[in-house]
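For reference, the chains in residue letters:
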Amino acid sequence: MTGKPDNSTDWSTEWTRAYAKSSIIMRRANSPSYWDKRANRFSTMDNGASGRIQAVLDHIGLDSETTLLDIGCGPGNLAVPLAKSARRVTALDPSEGMLKKLEQRAEKEGVTNIQPLNKGWEEAVLDGDIFPHDVVLSSYSLIMKDIGKALAAMNAAASRTVCLFWFAGRECFGYDRFWPALFGEEYVAGPDYALLLNLLHSMDIRPEVSIIPQQHVTTYADMDDAVQCWTENLYVSSQEEQDIIRTILSNTLDTHTGKPVLTRNVQTAMLWWHKQ
């Protein structure tokens with residue numbers, strides 16, 4: 001995307017509106033308790049983290065003197081591996097469950113230079129908990145009330161580089177397979193990176209962009225486990241709804257080493273910029 005930004009549009013508001021209209025946000029609250037319940041599964045998912053880790057190392061670079069802030073770190077899929085190449089990592093997440101999984105992984109891998117912080121980004125900024133880091137990273141964690149203000153705070157917190165990962169294209173997380181059958185309507189996806197790019201341009205930030213093909217893989221213990229997972233994801237409970245979910249999963253899941261597997265091919269946008 002080139003040329004001057006369209007300053008007549010409030011892109012922060014457009015981002016918020018797009019998220020408010022998205023099907024998944026309309027059906028559930030984006031609360032820490034929601035993520036607490038999913039921490040165990042998220043810690044075992046192959047969500048393309050290795051590709052994002054390599055992209056950070058290739059395009060941004062970390063060394064033994066680099067400090068890194070990972071916003072919305074989850075179970076540490078990026079924070080723990082990247083900490084092995086950095087001096088110090090601050091891992092920020094509002095979910096206690098996610099941070100517990102991060103700490104368990106760090107201990108297992110002998111990583112001792114991570115400082116967990118159990119807060120959301122906007123709360124941490126407001127409370128004065130954030131100090132400058134060389135690199136500020138946010139991977140799939142830009143669900144914030146005021147995205148413009150949140151991005152400005154990320155830019156201010158980075159002494160060297162800001163790096164964002166977000167979805168390129170209509171990313172449905174697999175929910176579009178179930179939505180029409182369960183709710184009688186098409187699934188509406190959230191905003192993709194093009195809107196984010198417009199917002200950054202309106203802030204006079206010109207990020208570099210790389211589109212990274214990734215494969216996200218979720219392995220379930222058995223079909224009952226898969227049905228339970230999607231019953232929770234979709235906020236449904238009746239036997240009829242569970243039967244619908246089971247039928248769809250039976251027709252869509254692959255099998256690997258005897259276990260059901262959900263595979264999604266995802267286009268991820270990496271946006272990064274270096275401070276002047």
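These notes cover the structure that comes with them.

1. Quick word on the environment of Asp 63
Among the structural elements, Asp 63 can be located in the loop between helix H4 (49-59) and strand S1 (67-71). Residue classification places Asp 63 among the partly exposed positions, given a relative accessible area of 40%. Sequence separation between Asp 63 and Gln 267 is 204 residues, and the spatial gap between their C-alpha atoms is 28 Å. Non-local contacts of Asp 63, meaning those with residues more than four positions away in its chain, are made with Ser 85, Ala 86 and Arg 87. Here the side chain of Asp 63 touches Glu 65 through a polar contact of 2.8 Å, landing on its backbone nitrogen.

2. Some points on helix H12 (residues 239-252)
A rise of 1.5 Å per residue sets the reference length of H12, with its 14 residues, at 20 Å; its end C-alpha atoms lie 20 Å apart and thus fit the reference within 8%. The complete set of buried residues in H12 reads Ile 245, Ile 248 and Leu 249. Summarising the axial view, the buried residues of H12 lie within an arc of 100°, below the 170-degree limit, and thus occupy one face. Of the exposed residues in H12, those oriented more than 90 degrees away from the buried face are Gln 239, Glu 240 and Asn 251. For H12, the elements touching its buried residues are helix H9 (179-183) and helix H11 (223-233).

3. Some points on empty space enclosed by the protein
Any empty space left between the atoms is revealed when a probe the size of a water molecule rolls over them. Within the structure shown, the criterion is met by two cavities of 30 Å³ or more. Taken as a whole, the largest cavity holds about 80 Å³ of empty space. Taken together, Tyr 19, Ile 24, Trp 166, Phe 167, Gly 169, Glu 171, Phe 173, Tyr 187, Ala 189, Gly 190, Pro 191 and Asp 192 make up the lining of the largest cavity. Here the lining of the largest cavity is composed, by residue class, of eight nonpolar, two polar and two charged.

4. Observations concerning the side chain of Ser 141
Topologically, Ser 141 is positioned in the loop between strand S4 (133-139) and helix H8 (147-157). On the basis of relative accessibility, which here comes to 15%, the residue Ser 141 falls in the buried class. Here the side chain of Ser 141 touches Ser 138 through a polar contact of 2.7 Å, side chain to side chain. Residues contacting Ser 141, with those up to four places away along its chain left out, are Ile 71, Gly 72 and Trp 166.

5. Describing the pairing of S1
In terms of burial, S1 is largely enclosed, as five of its five residues are buried. Across the two faces of S1 the burial is the same, with Thr 67, Leu 69 and Ile 71 and Leu 68 and Asp 70 all buried. Here five bridges tie S1 to strand S2 (residues 88-92), and the two strands are oriented parallel to one another. Within S2, the position partnered with Thr 67 by the bridge is Arg 88. In terms of strand pairing, S1 meets S4 through four bridges, oriented parallel. Note on S4: the bridge partner recorded for Leu 69 is Val 136.

6. A look at the environment of Thr 67
Along the chain, Thr 67 falls in strand S1. The sequence separation of Thr 67 and Tyr 34 amounts to 33 residues, and the corresponding C-alpha distance is 30 Å. Setting aside anything within four residues of it in sequence, one finds Thr 67 in contact with Arg 87, Arg 88, His 133, Asp 134 and Val 135.

7. Side note on the nonpolar core
Ile 114, Trp 121, Leu 142, Leu 151, Met 154, Phe 165 and Leu 196 are the most contacted members of the largest nonpolar core, which has 63 residues in total. Per-element tally for this core: the top contributor is strand S5 (residues 158-167), with seven residues. Dropping the residues within four chain positions of it, Ile 114 is found in contact with Ala 79, Val 80, Ala 83, Val 89, Ala 91, Leu 102 and Ala 106. Ranked by size, the runner-up nonpolar core spans 21 residues in total, among them Ile 24, Ala 226, Val 227 and Leu 253.

What counts and what doesn't
- Residues numbered from 1 in each chain as written.
- Predicted model: local features only at pLDDT ≥ 70, side-chain atom pairs only at ≥ 80, totals over all residues.
- Heavy atoms only, no water.
- Helix = DSSP H or I, 4+ residues; strand = E, 2+ residues; numbered from the N terminus.
- Buried < 20%, exposed > 50% of the residue type's maximum accessible area, 1.4 Å probe, protein only.
- Contact = heavy atoms within 4.5 Å.
- Polar contact = N/O pair within 3.5 Å; in protein donor to acceptor, adjacent residues only side chain to side chain.
- Expected span 1.5 Å × (residues − 1).
- Arc of directions from axis to C-beta.
- 1 Å grid on protein atoms, 1.4 Å probe; cavity = no way out; pocket = protein on both sides within 12 Å on 5 of 7 lines; lining within 4 Å.
- Points joined across faces, edges and corners; volume = space filled by probe spheres on them.
- Nonpolar A, V, L, I, M, F, W, Y, C, P; charged D, E, K, R; others polar.
- Pairing = 2+ DSSP bridges.
- Core = buried A, V, L, I, M, F, W, Y, C linked by side-chain atoms within 4.5 Å.

Any functional reading would require information that these geometric values do not contain.
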